[in-house]
Amino acid sequence: MMSRNDEFSSKIASRKAVIGVIGMGYVGLPLALEFARAGFKVEGFDTDKTKVDALNGGRSYISYIPAGEIGRLTKQGKLFATADFGRLSGVDAILICVPTPLTERKEPDLQYVESTARAISERLQRGQLIVLESTTYPGTTDELVLPLLEKSGKRVAKGDFYLAYSPERVDPGNQQFTLRQIPKVVGGINEESTRLAAQLYGQVVDRTVLVSSPREAEMSKLLENIYRAVNIALVNELKMLCQRMDIDVWEVIDAASTKPYGFTPFYPGPGLGGHCIPIDPFYLSWKAKEYDIATRFIELAGEVNTAMPYHVVDAIGAALNEKEKSVRGSRILLLGMAYKKNVDDVRESPGLTIMQLLNDRGAEVAYNDPYIPRLRKVRKHDFSHLSSVSIEDDQLSGYDCVVVVTDHDDYDYARIVAGSRLVVDTRNATRKVTEGKEKVRYC
C-alpha cells in the first residue's frame, strides 16, 4: 500500500496533481500558466472578481501576458479561476502568491498571508502541500503560517500535510529569463516537504535549489533584492555628487563597466518601484530588531532611495526657475508611470510620489504612459481620476516641463525633446538626442 507522500509524488510525476494558486497577480498568474502548460490542471484563486472573470473569459490584464495563451489553456480545461476558496479542499498543492506590503510605519503587513493561511486551515486536507512564495522576513513560514495551518488539528510532523517556502523570482516583462529558466529555491519545514515541493517545481523549472529550511529560503530572497537596493542607493548618491561636481555619472558607470571582473553596473533613477526592492530592506531591518541587531547599512540605503523622488521634484523646480517660472501654476507632464520600462506595473512607482509632491506644490500635473491608459488607486495614492494624455508635438509644447520618469522603449525621445519647451530626464533616456539638447536637464 502506497504511503501518503508516495501517492502525492506519483500524482506529480503523472501530472495528475491539481495545483491551486492563490493570488492571480504578477507572480501568481505566470506561475499558474506555467503549470497549466506543463499539463497540470490549475485553479487560480483571487478575491478580485474582475480578474477571475477576465481569466475565465480568456482575457489578460497584464500587458506582457498574451490573452491567446490564457484563452487556449482555459478552453483546454487546464486553467480555471475562482473566488470560491471552498474549492481549496479539492486541490493537491496550494501555492500562496499574495501581496506582502508595508504599513504606513514601514513595518511588515502580513494580513494577506495570515488571512490566506486561515482560509487554507479551515479546508486543509491530509496529504496537501502548501508553499508560500510571497516575499517576507525569515521565520514567517514556521512562526506564522505553520501554527495557523495546524489549528486544523493536522500536523506536519505526523505527515498530515507538507509545508515549504519557495520565493518568487519573477521579473515582470523580462523576455530574457523566463520562469522556467530561473532556478527555484526551495526550503521545507521537514525533509519530505522539501522533497515534494522540489519535485513539484521541477516539473516547470529547469533547476531547483534545495536549502536547509524555509528560513534560508526566505533570507535568500531578501538578500537578492537588498543587494540591488544597496547598490542602486550607492549610484543614486553618487549621481547627486556627480551633478554637484559637473561630472556625467552615466559616462562614469560606462567606463567602470569595462572592467572585466569585480564590478557590476547599477544605474541611478527617480527612486525604486515594484513590489520587492523598495520593501524588502524594511522587512529584514524590522525582523533584525528582534535579535538586537541594527541593520544600519541596509536602512541607510532605504533612506537614500526613498529620498530620490524628492530630489527629482527639487530638480524640476530648479529647471523651471531657470525659465523664470515656479512649480506652482506650472503645467507639468510626466512620461511613464510604471515602476520600470515596458511594463504596466505601478506598484510603489516613484512616479506616483513625484506626481503627489508636484500636486502638493501647486503644479498642474498630467501623465502619459502607453502601458497604463488609466491610473488605479494604490495603497498610498489615488489618481484614479487621471488618464494617459496624448503627446503629439503640439500638445507637448503646451507643458512648461516634460519629465522622463520611466524610459519606455515606445517613446521617440528625439521627437519629445524637439516638441517640448523643457525636459527633465531622470533616466538618461535622451542621451542620444542631439537636436534641442539645450532644453534637457538631467536629474
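Since the model is a prediction, treat every value here as computed from it, not as a measurement. (Residues numbered from 1 in each chain as written. Predicted model: local features only at pLDDT ≥ 70, side-chain atom pairs only at ≥ 80, totals over all residues. Heavy atoms only, no water.)

### A short note on the packing of helix H2 (residues 28-37) against helix H4 (residues 67-75)
Then, number 1: Packing of H2 against H4 brings their axes to within 11 Å, and their N-to-C directions diverge by 50°. When the axes of H2 and H4 are compared, the pair comes out oblique. At the point where H2 passes H4, the crossing takes the left-handed sense. Residues Leu29, Leu33, Ala36 and Arg37 of H2 form the contact with H4, whose participating residues are Glu69, Ile70, Arg72 and Leu73.
Then, number 2: Each residue belonging to the contact of H2 with H4 can be placed in one class, and the counts come to five nonpolar, no polar and three charged. (Axes fitted to C-alpha atoms, helices over the stretch in contact; angles between N-to-C directions. Helix = DSSP H or I, 4+ residues; strand = E, 2+ residues; numbered from the N terminus. Parallel < 35°, antiparallel > 145°, perpendicular 65-115°, else oblique. Left-handed = near helix turned anticlockwise from the far one by under 90°. Contact = heavy atoms within 4.5 Å. Nonpolar A, V, L, I, M, F, W, Y, C, P; charged D, E, K, R; others polar.)

### A look at the environment of Leu95
Then, number 1: Mapped onto the elements of the fold, Leu95 is located in strand S4 (residues 93-96).
Then, number 2: On the basis of relative accessible area, Leu95 is assigned to the buried category, the value being 0%.
Then, number 3: Between the alpha carbons of Leu95 and Ile247 there is a distance of 49 Å; along the sequence they are 152 residues apart. (Buried < 20%, exposed > 50% of the residue type's maximum accessible area, 1.4 Å probe, protein only.)

### Examining the sheet that holds strand S9 (residues 331-335)
Then, number 1: Spatially, five strands are ordered S10-S9-S11-S12-S13 in an open sheet, and the strand pairing comes out parallel. Each of the sheet's edge strands pairs with one partner strand only, and the pair in question is strand S10 (364-368) and strand S13 (440-442). For this sheet, the mean angle separating the axes of adjacent strands, direction not counted, is 20°.
Then, number 2: Across four bridges, S9 lies against strand S11 (residues 401-404) in parallel orientation. (Pairing = 2+ DSSP bridges.)

### Thoughts on the nonpolar core
Then, number 1: By size, the foremost hydrophobic cluster in this structure holds 41 residues, and its most contacted members are Ile22, Ile120, Ile130, Leu149, Phe161 and Leu163.
Then, number 2: With residues near it in sequence (within four places) discarded, Ile120 still touches Ile22, Leu88, Ile94, Ile96, Ile130 and Leu149.
Then, number 3: In terms of nonpolar packing, the next biggest core, distinct from the first, is built from 39 residues, Leu33, Phe40, Ile70 and Val205 among them. (Core = buried A, V, L, I, M, F, W, Y, C linked by side-chain atoms within 4.5 Å.)

### Looking at the packing of helix H5 (residues 111-121) against helix H6 (residues 140-150)
Then, number 1: Contact geometry of H5 with H6 gives a least axis separation of 8 Å together with a crossing angle of 25°. By the angle between their axes, H5 is roughly parallel relative to H6. Helix-helix and strand crossings are classified by hand; for H5 and H6 the assignment is right-handed. Mapping the contact onto sequence places Val113, Glu114, Ala117, Arg118, Ile120 and Ser121 in H5 and Leu144, Val145, Leu148 and Leu149 in H6.
Then, number 2: Residues that form the contact of H5 with H6 fall into these classes: seven nonpolar, one polar and two charged.

### Quick notes on helix H7 (residues 191-201)
Then, number 1: A large share of H7 lies buried, amounting to eight of its 11 residues.
Then, number 2: Those residues of H7 not exposed but buried are Ser193, Thr194, Leu196, Ala197, Ala198, Gln199, Leu200 and Tyr201.

### A look at the state of the cysteines
Then, number 1: A full pass over the atoms with the stated rule returns zero disulfides.
Then, number 2: As a non-bridged cysteine, Cys242 has Cys443 as the owner of its nearest cysteine sulfur, 13 Å distant.
Then, number 3: Of all cysteine sulfurs in the structure, the one in Cys401 sits closest to Cys443, which takes part in no disulfide; the separation is 10 Å.
Then, number 4: Overall, the relative accessible area of 4% leaves Cys443 in the buried class. (Disulfide = S-S within 2.5 Å.)

### Quick look at the pattern of salt bridges
Then, number 1: By the definition in use, this model includes 28 salt bridges.
Then, number 2: Salt-bridge contacts for Arg123 lead to Glu122; the nearest nitrogen and oxygen are separated by 3.5 Å.
Then, number 3: With its nearest N and O atoms 3.5 Å apart, the salt bridge here joins Glu364 to Arg331. With Glu364 in strand S10 and Arg331 in strand S9, this pair connects stretches of sequence that are 33 residues apart.
Then, number 4: According to the relative accessible area criterion, Arg331 is partly exposed, its value standing at 29%.
Then, number 5: If you follow the salt bridges from partner to partner, you end up with Glu34, Arg37, Glu69, Arg72, Arg180 and Asp206 in one network. (Salt bridge = Lys/Arg side-chain N within 4 Å of Asp/Glu carboxyl O.)

### Considerations on the pairing of strand S5 (residues 129-132)
Then, number 1: Both faces of S5 are covered, namely the face carrying Leu129 and Val131 and the face carrying Ile130 and Leu132.
Then, number 2: With four bridges connecting them, S4 and S5 associate as parallel partners. Counterpart to Ala93 in the pairing with S5 is Leu129.
Then, number 3: Sheet analysis places S5 next to strand S6 (residues 162-165), joined by four bridges and oriented parallel. Following the sheet pairing, Leu132 is matched in S6 by Tyr165.
Then, number 4: Considered for its hand, the β-α-β crossover made up of S5, H6 and S6 is right-handed. (Right-handed = clockwise from strand over helix to strand, strands pointing away.)

### Some details on unusual backbone geometry
Then, number 1: In the Ramachandran plot, Asp292 falls in the positive-phi region, its phi being about 60° despite a non-glycine side chain.
Then, number 2: Phi at Glu324 takes a positive value of approximately 60°, unusual for a residue other than glycine.
Then, number 3: Residue position: Glu324 is located in the loop between helix H11 (296-322) and S9.
Then, number 4: By relative accessible area, Glu324 is classed as exposed at 77%.

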